[in-house]
Amino acid sequence: MQNFKNKPIKRSKIRLFIGKNLFTFKRFLYWYSRKSTFSKEISLNSMENIIFTHKTPLIRDLKNVLMYLQYNKVTNLKIAIKKLNGIIIKPNETFSYWYLIRKPTYRKGYLDGVILTPDGNFKPGVGGGLCQLSNLIYWIVLHSPLEVIERHRHSHDVFPDTNRTQPFGSGATCVYNYMDLQIYNPTNNTYQLFLYIQDGKLVGELRSNSKSLYSYKIYEENHSISPDIFGGYIRKNVIMRKTINFNNDIIKDEFITENHAYMTYNPYISS
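Residues numbered from 1 in each chain as written. Predicted model: local features only at pLDDT ≥ 70, side-chain atom pairs only at ≥ 80, totals over all residues. Heavy atoms only, no water.

1. Side note on the environment of Leu-213
In this structure, Leu-213 sits in the loop between strand E10 (201–208) and strand E11 (215–227). Taking the C-alpha atoms as reference points, Leu-213 and Gly-128, 85 residues apart in sequence, are found 37 Å from one another. Among residues more than four places away in sequence, those in contact with Leu-213 are Ile-244, Asn-245 and Phe-246. (Helix = DSSP H or I, 4+ residues; strand = E, 2+ residues; numbered from the N terminus. Contact = heavy atoms within 4.5 Å.)

Now the structure itself:
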C-alpha cells in the first residue's frame, strides 16, 4: 500500500477547473462510444429472488453539519432514486451511476446538501449527499457476483466511527460525472436494483431472476491509524471478501480494494 511519503498536492483553482472539465468531456465521449452497453431498462415488476438488502439512516448527528443540509439530502436522494429504482442489469451490461442520474441541478429540484471538498472540508452544494446512495449500492453489489469496474475511494476520513456497522472504506464516492460507480454483469443471470426510503432509512435491494449459489462476507484487514509526517493522521485498510457455498465452505477469499485516507479529526479524542 501507499506509504504517504509525499505531501498531498494542492493544485490551483485554474488547474482544478481545467482538469475537471477535461475529465467531464472524456466521460461524455466514453458514454457516447459505449451507450449500447449501458443498463437503461427500468421495471417496477420485481424479480423473484432477493440477493441482498441493506439500509442506512438518513439523518445522523454529524459534528459541524447543519441539519437543514441533511434534510435537503433526503430531497436529493428522492430525486436520484427515481432515475435508478427498478433498473435492470442484463448479462454483459454495465450499470453507470451518473449515466442514469445525470447532472444534479437546481432546475431539476435538487437542493444544497453536504459536499466534500478535495482538501477534506465540506460545504453546501447542489445535489450534496448523493454519496450515501452510491455507498449503499457499492456495499450491496459486493454481496453479489456483479463486478465493480469503477469505484473511487474517499480521500479523507471526515467523520468518526460512531455507530459504524461496515468496515472503514467500504463506500464509493461519486462526483459528476468523472468519478462514477460502474458495475458490470459478467453472469448469465439478470439483476434488478430497487431503492427506496422507508422509516427514516435509505433502503437498497438487489434481486435476480435466479437464486444465488453463494453468500458473501466482506471484512477488513491491516487496519491502521498512523501519524503523518506532515501532521494529522492517515488511516489505511484492505477490504477482502469471502465467497461461501451452501455447505458453508469458503471457496474464495479475495482482495477487493485498499483504502488510505487523511483523517480530518483526531482519532484519539472521543467525539
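Further notes follow.
2. Observations concerning the nonpolar core
Counting residues in each nonpolar core, the largest one holds 41 residues, and the members touching the most others are Leu-84, Phe-95, Tyr-97, Leu-133 and Ile-137. Among the elements of the structure, helix H2 (67–84), strand E2 (87–89), helix H3 (97–101), helix H4 (131–141), strand E9 (191–198) and E10 are those that each provide at least two residues to this core. At seven residues, the largest contribution of residues to this core is made by H4. Residues contacting Leu-133, with those up to four places away along its chain left out, are Leu-77, Ala-80, Ile-81, Leu-84, Tyr-97, Ile-101, Leu-195 and Leu-202. (Core = buried A, V, L, I, M, F, W, Y, C linked by side-chain atoms within 4.5 Å. Buried < 20%, exposed > 50% of the residue type's maximum accessible area, 1.4 Å probe, protein only.)

3. Comments concerning the confidence of the model for the protein
Where the model shows low pLDDT, its predicted coordinates should not be examined in detail. Residues of the protein with pLDDT of at least 70 account for 91%, and the chain-wide mean is 89. The model gives residues 1–6 a pLDDT under 50, and that stretch makes 17 contacts with residues more than four places away or in other chains. (pLDDT = per-residue confidence, 0-100.)

4. Section: the sheet that holds E11
Read across the sheet, four strands follow the order E7-E13-E12-E11 without closing on themselves; strand pairing throughout is mixed. The strands lining the two open edges of the sheet, one partner per strand, are strand E7 (156–157) and E11. Note: E7 against strand E13 (residues 250–263), two bridges, orientation parallel. Paired with Asp-157 across the two strands is Met-263, which belongs to E13. (Pairing = 2+ DSSP bridges.)

5. Some details on the pattern of salt bridges
Summed over all chains, the structure comprises five salt bridges. For Arg-27, the salt bridge is made with Glu-150, and the minimal N-O distance between the two is 2.6 Å. Separated by 123 residues along the polypeptide, Arg-27 in helix H1 (residues 13–33) and Glu-150 in strand E6 (residues 147–150) bring together distant segments of the chain. A relative accessible area of 10% places Arg-27 in the buried class. (Salt bridge = Lys/Arg side-chain N within 4 Å of Asp/Glu carboxyl O.)

6. So, H2
Taking 1.5 Å as the rise per residue, H2 with 18 residues should run 26 Å; its terminal C-alpha atoms sit 26 Å apart, in good agreement. Where H2 is concerned, the buried positions are Leu-69, Gln-70, Asn-72, Lys-73, Val-74, Asn-76, Leu-77, Ile-79, Ala-80, Ile-81 and Leu-84. Immediately beyond the C-terminal end of H2, within one or two residues, lies Gly-86, with a positive phi of roughly 90 degrees. (Expected span 1.5 Å × (residues − 1).)

7. A word on the environment of Lys-103
You can see Lys-103 is positioned in the loop between H3 and strand E4 (112–116). On the basis of relative accessible area, Lys-103 is assigned to the partly exposed category, the value being 46%. Placed 135 residues apart in sequence, Lys-103 and Val-238 show a C-alpha to C-alpha distance of 32 Å. For Lys-103, the residues in contact, after removing those within four places along its chain, are Lys-108 and Tyr-176.

8. Structural notes on the sheet that holds E2
The pairing of strands in a sheet comes from backbone hydrogen bonds and takes either a parallel or an antiparallel form. Read from one edge to the other, the open sheet built from four strands follows the order E1-E10-E9-E2, with strand pairing classed as antiparallel. Both edges of this open sheet fall to strand E1 (49–57) and E2, since each of them pairs with a single strand only. Taking the axes of each pair of neighbouring strands and ignoring which way they run, one obtains an average angle of 20 degrees across the sheet. For E9 and E10, the ladder comprises eight bridges, and the chain directions are antiparallel. In the sheet register, Leu-193 faces E10, and the bridge partner there is Leu-206. (Axes fitted to C-alpha atoms, helices over the stretch in contact; angles between N-to-C directions.)

9. So, H4
Burial analysis of H4 places nine of its eleven residues in the buried class, the great majority of the element. For H4, the complete set of buried residues consists of Gln-132, Leu-133, Ser-134, Leu-136, Ile-137, Tyr-138, Trp-139, Ile-140 and Val-141.

10. Structural notes on the side chain of Asn-85
Note on placement: Asn-85 falls in the loop between H2 and E2. Here the side chain of Asn-85 touches Leu-195 through a polar contact of 2.9 Å, landing on its backbone nitrogen. Not counting residues up to four positions away in its chain, the partners in contact with Asn-85 are Ile-42, Leu-44, Leu-193, Phe-194 and Leu-195. (Polar contact = N/O pair within 3.5 Å; in protein donor to acceptor, adjacent residues only side chain to side chain.)

11. A word on the packing of aromatic side chains
On inspection of all chains with the given rule, the structure shows six aromatic pairs. Between Phe-38 and Tyr-99, the aromatic rings sit 4.6 Å apart at their centres with planes inclined by 25 degrees, giving stacked as the arrangement. Of the two residues, Phe-38 sits in the loop between H1 and E1 while Tyr-99 sits in helix H3, which places them 61 residues apart along the sequence. Here the two residues Phe-38 and Tyr-99 agree in accessibility, since each one is buried. Ring centres of Tyr-97 and Trp-98 lie 5.1 Å apart, and the angle between their planes is 75 degrees; on these two criteria the pair is classed as edge-to-face. The pair Tyr-97 / Trp-98 is uniform in exposure class, with both members buried. Among the aromatic side chains, those forming a connected cluster through ring pairs are Phe-28, Tyr-30, Trp-31, Phe-38 and Tyr-99. If you follow Arg-235 out to its NZ or CZ, it ends over the ring of Phe-168, 4.4 Å from the centre. Above the face of the Tyr-219 ring, Lys-242 is positioned so that its terminal group lies 5.2 Å from the ring centre. (Phe/Tyr/Trp six-rings, centres within 6.5 Å; stacked < 30°, edge-to-face > 60°. Lys NZ or Arg CZ within 6 Å of the ring centre and 35° of its normal.)

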